[in-house]
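Architecture and fold: a report
Residues per chain, in single letters:
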Amino acid sequence: MAPRRPPVLLLLAGVAVGGLAALPAVYLAITIAGEASSAADAVFERRTLEVALRTVGLVAAVTVGAIGLAVPLAWLTVRTDLPARRLWATLTTLPLVIPSYIGAYLLVSAFGPRGALQGAVEPLGIERLPSIYGFVGAWLALTLFTYPLVLIPVRGALRRLDPQLEEAARAMGRRPAEIFRTVVVPQLVPAIGGGGLLVALYTLSDFGAVSIMRFDSFTREIYIAYQASFDRTEAAALGAVLVVAMLVLLALYARLRGARAYHRAGPGTVRPMGAISLGRWRVPALAFCGVVVAIALLLPVGLLVYWSTQQLGDGLALGSVVGNAGNSLLVASLAAAIGVVGATCVAVLTVRFPSPVSALVERLGYAGYALPGIVVALSLVFFGTRVALPLYQTLAMLVFAITVHYLPLAVGPLGAALLQVPPRIEEAARGLGRRPLEVFGTVTAPLVASGGLAGAALVFLHAVKELPATLLLAPIGFETLATDIWRQTSSGFFEAAAIPALVLLLIAAPPLYLLSEKGTVTS
Amino acid sequence: MTDRHPDTPASLTIRDLRKSFADTVAVGGLDLHVEGGRLCALLGPSGCGKTTTLRLIAGLERPDAGSIELGERALTTAGTFVPPERRRIGMVFQDYALFPHYDVAGNVAYGLGRRANRGRVREVLELVGLDRVADRPVHQLSGGQQQRVALARALAPTPELILLDEPFSNLDASLRERVREDVREIIAAAGVTALFVTHDQEEALSLAERVAVLREGRVEQVGTPEEIYSRPSTPWMAAFLGEVEVLAGEARDGRVKCELGSLAVETKAEGTVEVLIRPESVAIGITGPPDATEAEVVGRRFYGHDQLVELRLPSGRKVSSRRLGFPAWHPGDRVQVWVEGPADVLPGS
């Protein structure tokens, strides 16, 4: 149908949301432009190159590591007669639930200088374990807790494969290993690429895990530069370089997603595939799955429970945990609620009234997401100290930062739900005597409610785990579970971080369950 | 009957209606008058602007120019545009557009708003014969039932006009015939003016009291189904409504001479004309009337209850004859060919 003009109020609301979402990116650009020469000096410093190389090295290593874990796991749990493969499928996906900084904390608490393993081996005369800190630790933590981002799409792609292609290859006399390499793998490339890019984006913007592992990647350097000096241009310049890297990866990801649509199997039902017999490889395959689950799931969860019981045994006050949990809930709920309202404006405008303006609003809506959390926060620190001083270090500013950062997470499911409501239904309601706002309330809103709920759950889930923006923007003395875990771990108080981490996982569980039921957890 | 609209049903008058999308003219100066209480069909090939016209009447699109009046009320003129919710026009969409989050009764009650009462909902559901499934979710209904829910929903607020967009295209062929008849009866019982859009000539001719044929955004011809079929106003009209042979002829004194002989003409015509002959009027036999023409069978398609026989006239021109399925004719047969009944002529070009 022909595009129609949107109601003025909706247009204004959409433009306002888009403008606000773009604020961090725009103000970062303004800051750098204002001090172009010193910013350029900072960018072209030798150290910046080193940081960039270190970061790229970590991103590449984590991506390769995640793919290396995920592809065999996906194949084993989808295509073979691996015993209890349903259970393995669930267990190997679960590490995604653990935020990488909690995972990093638990790895440090296990293998670090004052960790559990050190304590266990000291009586044997081993004074010092090889250090977990640095590249190895950051690589291990990020790989172990992000590989499900590759596993889930690859499992999906494997399930959609047409078995006739493999049968045809077999009929042409190819052996199974050859078929896997020449027929299966090429069809998995889009899924592997998409998942791998998600891992790369995560690694590039991650702050918690690298800072706990004391690995000087971009985000940690930005934080250090921010803390160290009054002249924060260096931090801004580093942030800008990081944003450019993010944009490159995001553009690649967008292209790959576009291409993937052509690879999708037709709507016809795909005949179920016969499971491939593992034969004598059964035991090694089980061992592989077992090791991954042990390190990425059982060890962290076990340690968490262990440290928590230690802490409870010491009888420490839980008052601060309750207060911090309340703060986490408050920030995340506000961000989810405001995010859904803003996302509704953007989604209705872009889906129902396509035009150049609404396309722009949609793009602007993604601006906050393209920036790593620490860069969003940094830009808003500048904005707060120079333009909006009354808002600086207020709860409002913190909620704003988190909301604009995660806004697209709510736009996605809402837009998808809205696309499934045919405009005819809304027109029918108008023909039956209802005004446009009434139609939205009685027809559109009930039909997209589940999309809105999914959007809210996604924003909540990410907001409750959010670390860097909260560190930079929270009012003085305002601690959340995330900042508490980070501070305790940074100071080596592993026991003290356990209960906040456990509580955080428990708070994240209901929205995560809701999303996995709806199958949107990876979207 | 309480469903009948209290006043005399409103007539619909459209004058010089125009609507373009970007560079495409969808409706280009359309005039139409539908008398109150009539069931009128808008018939035309796809892309002729039928659905756009319907949406303009419903107020779902704004016209570029022209006026729409319903009874005494101006819905769209140069200065006014009544929003769809205040037009009192019921619409039945091609895909029904039922609300998936309401049950059958909920869908019907929706248009009644705060005036909703069980009595009216039940009354309308009885009218369409769905009172027994009132509390079912709509997705559990068959296509024909969903169609009737959509109709009931549109009728519930006693609209002055009801619009139906390709109302039967989503139904199985086997179901369509019966549902058509049901719909006609329901609309007649409700006593409401109705306009439906279709591309199916048979549907328009069999269901409507009046048919308006649309071509490229304008009305090509309006009339009763019989007038439309038997006296098309242009060769395009004649061809659109079915297979037709166009022969050159000379008309004089109520008769026209053409290659198939001298035929009676119903309309007044003199001089050079085009003679329109439908295949079902072309008769063939081993022997024929005195003025029959010689012809040779050159092809035959068998359809079961009838057959289409292709003939070559002495001049080399080919014409088709639609006959019952028996006797079978075969290529090579020499036959006599003549025209049964009067012919229709158009001024020659």
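Residues numbered from 1 in each chain as written. Chains lettered and ligands numbered in written order. Predicted model: local features only at pLDDT ≥ 70, side-chain atom pairs only at ≥ 80, totals over all residues.

**What about the packing of helix H15 (residues 319-352) of chain A against helix H16 (residues 356-365) of chain A?**
Residues and elements named next belong to chain A. Applied cut-off: Fitting a line to C-alpha atoms yields each axis, with helices limited to the stretch in contact; the angle taken between N-to-C directions then spans 0 to 180 degrees. Put simply, DSSP marks the helices as runs of H or I at least four residues long and the strands as runs of E at least two long, and each gets a number from the N terminus on. The labels follow the angle: roughly parallel below 35 degrees, roughly antiparallel above 145, roughly perpendicular from 65 to 115, and oblique for the rest. For any helix crossing, the convention is left-handed if the near helix is rotated counterclockwise from the far helix by under a right angle, and right-handed if that rotation is clockwise. Residues are treated as contacting if the C-beta atoms built from their backbones sit within 7 Å of each other. Nonpolar residues are Ala, Val, Leu, Ile, Met, Phe, Trp, Tyr, Cys and Pro. Charged residues are Asp, Glu, Lys and Arg, and all others, Gly as well, are polar.
Orientation of H15 relative to H16, taken along the N-to-C sense of each, is 140°, at an axis distance of 9 Å. Accordingly, the angle class assigned to the pair H15 and H16 is oblique. Judged by the sense of rotation from one axis to the other, the crossing of H15 with H16 is left-handed. On H16, the residues that touch Val346, Leu349 and Thr350 of H15 are Ser358, Ala359, Val361, Glu362 and Gly365. Within the contact of H15 with H16, the residues separate by chemical class into four nonpolar, three polar and one charged.

**Observations regarding the domain arrangement of chain B**
How large an interface is tends to be reported as the accessible area lost when its parts come together. Residues and elements named next belong to chain B. Let me state the cut-off plainly: Either an automatic procedure or a domain database provided the assignment from which the domain bounds are taken.
Looking at chain B, the domain boundaries give domain 1 (12-88 + 158-236) and domain 2 (243-347). On a C-alpha basis, the centroid separation for the pair domain 1 and domain 2 is 35 Å. Contacts between the two partners involve five residues from domain 1, matched on the other side by six residues from domain 2. Looking at the side of domain 1 that touches domain 2, its residues break down into two nonpolar, two polar and one charged.

**What to know about the sheet that holds strand S12 (residues 255-258) of chain B**
Residues and elements named next belong to chain B. Just so we agree on the cut-off: At least two DSSP bridges between two strands are required for those strands to pair.
The five strands are arranged S13-S12-S11-S14-S20 in an open sheet whose pairing can be described as antiparallel. Either end of the sheet is taken by a strand with one partner, and the two such strands are strand S13 (261-264) and strand S20 (344-347). Mean inter-strand twist for the sheet, computed between neighbouring axes without regard to direction, equals 40°. Sheet analysis places strand S11 (residues 245-252) next to strand S14 (residues 271-277), joined by seven bridges and oriented antiparallel. Opposite leucine 247, over in S14, you have valine 275 as the bridge partner.

**Notes on the domain arrangement of chain A**
All names here are of chain A. Parsing chain A into structural domains produces domain 1 (28-260 + 280-314) and domain 2 (316-523). Relative to domain 2, the C-alpha centre of domain 1 lies at a distance of 23 Å. Those elements that place two or more of their residues in the side of domain 1 that touches domain 2 are helix H1 (8-34), helix H5 (100-111), helix H8 (148-160), helix H10 (176-205), helix H11 (208-212), helix H12 (218-228), helix H13 (233-263) and helix H14 (282-313). With eight residues, H13 is the single largest residue contributor to the side of domain 1 that touches domain 2. In terms of residue class, the side of domain 1 that touches domain 2 is made up of 24 nonpolar, nine polar and three charged.

**What to know about unusual backbone geometry**
Residue and element names in this part refer to chain B. Residue phenylalanine 326 is joined to proline 327 through a cis peptide bond whose omega torsion reads 0°. Summarising the element assignment, proline 327 is placed in the loop between strand S18 (318-324) and strand S19 (334-339). Of note in the backbone geometry, aspartate 16 takes a positive phi value of approximately 45° without being a glycine. Relative to the elements of secondary structure, aspartate 16 occurs in strand S1 (residues 12-21). At alanine 22, a position not held by glycine, the phi torsion is positive, near 50°.

**Examining the interface of chain A and chain B**
Facing the 16 residues of chain A at the interface are 19 residues of chain B. Residue assignment for the side of chain A that touches chain B shows that the elements contributing at least two residues are helix H20 (423-431) and helix H21 (436-465) of chain A. The element best represented in the side of chain A that touches chain B is H20 of chain A, accounting for seven residues. For the side of chain A that touches chain B, a count of residues per class yields nine nonpolar, two polar and five charged.

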